[in-house]
Amino acid sequence: MTTVDVLTVDGTKKGSVELPADVFDVQANIALMHQVVVAQLAAARQGTHKVKTRGEVSGGGKKPYKQKGTGRARQGSTRAPQFAGGGVVHGPVPRDYSQRTPKKMKAAALRGALSDRARAGQVHVVEAFVSGEKPSTKAALATLTKLTEARRVLVVLGSTDELNWVSLRNLRNGRDSRVHLIEAGQLNTYDVLVADDVVFTKDALDEFLGVPAETTEEGGK
């Protein structure tokens, strides 16, 4: 079982938390993670691309020139694919790209991704990003900087953690756009793999695991 320090807003160690081995220390199945990520990216595609075939392009009803005697190849319409302004052959049409991925496969792939990050020491736990009840992007960024200097950081928050969410949401599109926010219930393999470090709040970790993680207070309390 992996143990991770729980840090406070000012970067000091408050205690430690044990990450369950059945989630954070399993064998990573590369092929499974690849399949799940491909399916997730495919499901995100809109599939609304469309081109017109020769039957859908306007015009072209008249034969461009007579059948015989010109020395040229016979043509029936200027909207045939070989003409400029004509239809497109075998072009894209609206379709659904989603792939069926069983829940157990998604869960196994996520465990493998989290285990890979945990073994590399890239999973962190923080008590909160800001103190008090007032959101502060500056304070949240300062706390995050004390936790990690990774280029891409995935921050996992609890579903009702509005204070930390409001404090961090501006970092997604600001000068520190390396931060990606996600709720614990929406955690997925792709976001874990594209991030260098994964940062949980203590409440988000408990929500993700479904039970409170075993915690040891600093000083053995």
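Thresholds, definitions, all that
Positions within a chain are numbered from 1, following the residues in the order the chain's sequence is written. Where totals are concerned, whole chains, interfaces and linings use all residues; where local detail is concerned, this predicted model gives features only for residues with pLDDT of at least 70, and gives and counts side-chain atom pairs only at 80 or more. With hydrogens and water set aside, each side-chain value is computed from the structure's full complement of heavy atoms. Lines fitted to C-alpha atoms define the axes, with helix axes restricted to the stretch in contact, and inter-axis angles between N-to-C directions lie between 0 and 180 degrees. Secondary structure elements follow DSSP: runs of H or I of four or more residues count as helices, runs of E of two or more count as strands, with numbering from the N terminus. By convention, the crossing between two helices is left-handed when the near helix turns anticlockwise from the far helix through less than a right angle, and right-handed when the turn is clockwise. Whether two residues are in contact is decided by their heavy atoms: any pair within 4.5 Å suffices. With a 1.4 Å probe rolled over the protein chains alone, any residue whose accessible area is under 20% of its type maximum counts as buried; one over 50% counts as exposed, and the rest are partly exposed. As used here, the term nonpolar core means buried Ala, Val, Leu, Ile, Met, Phe, Trp, Tyr and Cys residues forming a set that is joined through side-chain atoms within 4.5 Å. As a per-residue measure, pLDDT tells how confident the predictor is, with possible values from 0 to 100. Under this definition, polar contacts are N or O atom pairs within 3.5 Å; protein pairs additionally need one hydrogen-donor-capable and one acceptor-capable atom, and for neighbouring residues in sequence, both atoms have to be side-chain atoms. One bridge is not enough; two strands pair if DSSP finds at least two bridges between them.

Identification of the protein chain as Large ribosomal subunit protein uL4 from Micromonospora pallida is taken from an unreviewed UniProt entry.

### Concerning the packing of helix H2 (residues 30–43) against helix H3 (residues 103–119)
Running from N to C, H2 and H3 point in directions that differ by 115°, and their axes come no closer than 9 Å. With respect to the hand of their crossing, H2 and H3 are arranged in left-handed fashion. Side by side, H2 and H3 meet where Leu32, Met33, Gln35 and Val36 of the first sit next to Met105, Lys106, Ala108, Ala109, Gly112 and Ala113 of the second.

### Side note on unusual backbone geometry
Although it is not a glycine, His90 adopts a positive phi angle of roughly 55°. Along the polypeptide, His90 turns up in the loop between H2 and H3. Classification of His90 by relative accessible area gives exposed; the value is 79%.

### A closer look at the nonpolar core
Residues Phe24, Val156, Leu187 and Phe200 are the most contacted members of the largest nonpolar core, which totals 29 residues. Per-element accounting of this core gives the leading share, 5 residues, to H3. When near neighbours in sequence (up to four residues on either side) are disregarded, Phe200 contacts Phe24, Leu114, Val123, His124, Val125, Val126, Val156, Leu187, Leu205 and Phe208. In terms of nonpolar packing, the next biggest core, distinct from the first, is built from 17 residues, Leu147, Leu168, Leu171 and Val179 among them.

### Some remarks on the confidence of the model for the protein chain
The predicted model of the protein chain averages 91 in pLDDT, with 95% of residues at 70 or higher. Least confident of the elements in the protein chain is strand E7 (residues 215–217), whose mean pLDDT is 73; most confident is H2, at 97.

### Some details on the environment of His49
As for its position among the elements, His49 is in the loop between H2 and H3. It is 5.6 Å that separates the C-alpha atoms of His49 and Pro94, two residues lying 45 residues apart in sequence. If near-sequence neighbours (up to four positions away) are discounted, His49 is found in contact with Pro92, Val93, Pro94, Arg95 and Tyr97. Engagement of the side chain of His49 in a polar contact is seen with the side chain of Tyr97, the distance being 2.6 Å.

### Points about the pairing of strand E4 (residues 153–157)
In terms of burial, E4 is largely enclosed, as 5 of its 5 residues are buried. Side chains Val153, Val155 and Leu157 project from E4 onto one buried face, and the interleaved Leu154 and Val156 project onto a second face that is buried too. The pairing of E4 with strand E5 (residues 179–183) spans 5 bridges and is classified as parallel. Counted as the bridge partner of Val155 is Leu181 from E5.

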